Amino acid sequence: MKRYIVLLTTFYSVMTVGQVKNSYEAVDKQMSKIPANYINSTQDIANFIMNNFENDDDKIRAVFYWTASNISYDVQNMFAVNFNETRQDKIDKALKTRKGVCINYAEVFNDVSNKIGIESFVIEGYTKQNGVTDYISHAWCGVKINGKWFLFDPTWGSGYVNGGKFVKKINSYYFKTDPAKIITSHMPFDYMWQFLNYPITNQEFYAGNFVINKSKALFDFDGEIQKYKSLSDIDKLISSANRIEKNGVKNAMIFDRLSYKRNEVEILKFNQIVSSYNEGVNELNVFIAFRNKQFKPTISDEELKKMIESPRNKLLKSKELLDNIGTVSKNNQGNVTSLSAGINQTLSQAEEQFLFVEKYLSKSKLVRKTMFSKVTWMGIPMN
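Residues numbered from 1 in each chain as written. Predicted model: local features only at pLDDT ≥ 70, side-chain atom pairs only at ≥ 80, totals over all residues. Heavy atoms only, no water.

K.L.:
Got a minute to help me understand unusual backbone geometry in this structure?
P.N.:
Negative phi is the rule for most residues except glycine; trans is the rule for most peptide bonds. That bond from Lys296 to Pro297 is cis: its omega, 0°, falls within 30 degrees of zero. Checked against the element boundaries, Pro297 lands in the loop between α10 (252-292) and α11 (301-323). Its identity is not glycine, yet Asn130 carries a phi of approximately 55°, on the positive side. Position of Asn130 relative to the elements: it lies in the loop between β3 (120-129) and β4 (132-133). Despite not being glycine, Gln294 has its phi angle at roughly 60°, a positive value. Within the secondary structure, Gln294 sits in the loop between α10 and α11. The class for Gln294 is partly exposed, based on a relative accessible area of 39%. (Helix = DSSP H or I, 4+ residues; strand = E, 2+ residues; numbered from the N terminus. Buried < 20%, exposed > 50% of the residue type's maximum accessible area, 1.4 Å probe, protein only.)

As structure tokens, then:
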């Protein structure tokens, strides 16, 4: 089935200048000595960190320092977007070229963090600098350290852009930042990743209103994150899209992200339906080939019944899923029509074979031998 991709805004941001005192000099110094043979993969970097640091504070500092100091912001290609890149592609590109935009920084930081056993998520959103909301999306990370969530922006923490050129300068303000502080400049598309009990709306972010409003309903973000982690990929997308919409579609970046998530929901639903349909078609063809051999080699009646019930049930499941898919985009309406026709046609054949088996099993062995006739079926699985 064709995959439709919604145009996304490029992930990048111009870095601001500002420093806080660094109390991790020893960690930074140790990470500066990482051998060349340890920097070709996130697993190697993770292994070095695990072998050299004991507590999570030092480990996450090591991840931040290495990412921020070893990747340079790719100003020249800040608008170059490859929609076919996977997360691993983004990581590999940054490690190979030592350059990247914010999503490259975030993916490297996130991958190493998780590989050293520290829970981390990539957060997508937009930013504000000097009172002006940027028109380009951004990506950073949320990490749970000693039971508390903090925010890390290895891109803004790596330096800044001046006159169209990247100036490398570690900025520790964006290391382990309090969510209540960074919300003044970093606005997640999905408010769950604000890590605030009273999340800021997009309207409030634009207005610069960051005062805690306890008249809002209390939001248990930690509990919601735990629920989120247990969801299927489809339900994760749906829940996130609902929160994005609820917080106000204030700009084109939010609209793009919301459209993307909804489109991904459609894609995953279609993939689920097509997978069930393909399995049903393949199993039905196997059954028909077995029938054309007059059910030889002989199997038990119970096995024979299961042999036709399995494809029939999978086709029924695919039909049920398609019937309940809900509203789909115009791009995918043609796919719904063609898939529905294919499922109905194949299901009709499966029902016919199911009835044949029921009749066959109700007869004596002598009569059964007289019931066979050649059957053909050219079910073609969908891509």
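K.L.:
So what exactly am I meant to see when it comes to the side chain of Asp134 here?
P.N.:
Of note, Asp134 is situated in the loop between β4 and β5 (138-145). There is no salt bridge for the buried Asp134, and the closest opposite charge comes from Lys128, which lies 10 Å off by N-O distance. In terms of polar contacts, Asp134 uses its side chain to reach the side chain of Gln129, at 3.0 Å. (Lys, Arg positive; Asp, Glu negative; His and termini not counted. Salt bridge = Lys/Arg side-chain N within 4 Å of Asp/Glu carboxyl O. Polar contact = N/O pair within 3.5 Å; in protein donor to acceptor, adjacent residues only side chain to side chain.)

K.L.:
Even after reading the chapter, I still don't get the layout of surface pockets, so can you show me in this structure?
P.N.:
To find leftover empty space, one rolls a probe the size of a water molecule over the atoms. Put simply, the second largest pocket is a space of about 290 Å³. Taken together, 13 residues line the second largest pocket, and the ones lying closest to its centre are Gln294, Phe295, Thr298, Tyr360 and Arg368. Those elements that place two or more of their residues in the lining of the second largest pocket are α11 and α13 (365-368). Of the residues belonging to the lining of the second largest pocket, the class tally is five nonpolar, three polar and five charged. (1 Å grid on protein atoms, 1.4 Å probe; cavity = no way out; pocket = protein on both sides within 12 Å on 5 of 7 lines; lining within 4 Å. Points joined across faces, edges and corners; volume = space filled by probe spheres on them. Nonpolar A, V, L, I, M, F, W, Y, C, P; charged D, E, K, R; others polar.)

K.L.:
Teacher, can you tell me more about the packing of aromatic side chains here?
P.N.:
Here the distance between the centres and the angle between the planes together describe a pair of aromatic rings. One pass over the structure, following the stated rule, counts 26 aromatic pairs. With a centroid separation of 6.0 Å and 40° between ring planes, the pair formed by Phe121 and Trp149 is classed as tilted. One end of the pair, Phe121, is in strand β3; the other, Trp149, is in strand β6 (residues 148-152), and 28 residues separate them in sequence. Aromatic ring contacts, followed pair by pair, group Phe121, Trp149, Trp193, Phe195, Phe221 and Tyr228 into a single cluster. The ring of Tyr206 carries Lys250 above its face, with NZ or CZ at 5.2 Å from the centroid. The aromatic ring of Phe354 is capped on one face by Arg312, whose charged end is 4.0 Å from the ring centroid. (Phe/Tyr/Trp six-rings, centres within 6.5 Å; stacked < 30°, edge-to-face > 60°. Lys NZ or Arg CZ within 6 Å of the ring centre and 35° of its normal.)

K.L.:
Explain helix α5 (residues 102-115) to me, please; I cannot follow it from the model alone.
P.N.:
Spacing of three or four residues puts side chains on the same side of an α-helix, whose turn is 3.6 residues. Between its first and last C-alpha, α5 extends 20 Å over 14 residues, near the 20 Å set by a 1.5 Å rise per residue. When you tally the buried positions in α5, you get twelve out of 14 residues, the bulk of the element. Among the residues of α5, Cys102, Ile103, Asn104, Tyr105, Ala106, Glu107, Val108, Phe109, Asn110, Asp111, Val112 and Ser113 are the ones counted as buried. Immediately beyond the C-terminal end of α5, within one or two residues, lies Gly117, with a positive phi of roughly 85°. (Expected span 1.5 Å × (residues − 1).)

K.L.:
Explain the nonpolar core here, please?
P.N.:
Generally speaking, a soluble globular protein has its nonpolar side chains buried in company with each other. With 44 residues, the main nonpolar core has Met31, Ile49, Ile60, Trp66, Tyr73, Phe109 and Phe152 as its most contacted residues. Contributing elements (two or more residues each) for this core: α1 (25-32), α2 (42-52), α3 (56-70), α4 (87-97), α5, β5 and β6. Leaving out residues up to four positions away in the same chain, Phe109 has contacts with Ile60, Val63, Phe64, Thr67, Ser120, Cys141, Val143, Phe152 and Pro154. Core analysis: the next-biggest nonpolar cluster, separate from the first, contains 28 residues, Leu304, Ile308, Val328 and Phe372 among them. (Core = buried A, V, L, I, M, F, W, Y, C linked by side-chain atoms within 4.5 Å. Contact = heavy atoms within 4.5 Å.)

K.L.:
Is there a simple way to explain the environment of Ala94 in this structure?
P.N.:
By secondary structure assignment, the location of Ala94 is in helix α4. In this structure Ala94 comes out as buried when scored by relative accessible area, which is 0%. Taking C-alpha positions, Ala94 is 48 Å from Arg312, a pair spaced 218 residues apart along the chain. Excluding residues within four positions of it along the chain, Ala94 makes contact with Ile71, Lys99, Asn104 and Val108.

K.L.:
Honestly, the pattern of salt bridges in this entry has me stumped. Any pointers?
P.N.:
Pairing is possible between side chains that carry opposite charge, provided their charged atoms lie close to one another. Counted under the stated rule, the structure contains 16 salt bridges. Across the pair Glu107 and Arg87 runs a salt bridge, and its minimum N-O distance is 3.3 Å. On the criterion of sequence distance, the pair formed by Glu107 in helix α5 and Arg87 in helix α4 is long-range, its members being 20 residues apart. Under the relative-accessibility criterion, Arg87 is labelled exposed at 51%. Measuring nitrogen to oxygen at the nearest pair gives 3.0 Å for the salt bridge that ties Arg312 to Glu351. Remark: Glu351 occurs in helix α12 (residues 330-361) and Arg312 occurs in helix α11; sequence separation between them is 39 residues. According to the relative accessible area criterion, Arg312 is buried, its value standing at 19%. On the basis of relative accessibility, which here comes to 25%, the residue Glu351 falls in the partly exposed class. When salt bridges that share partners are traced, they join Glu279, Glu283 and Lys314 into one network.

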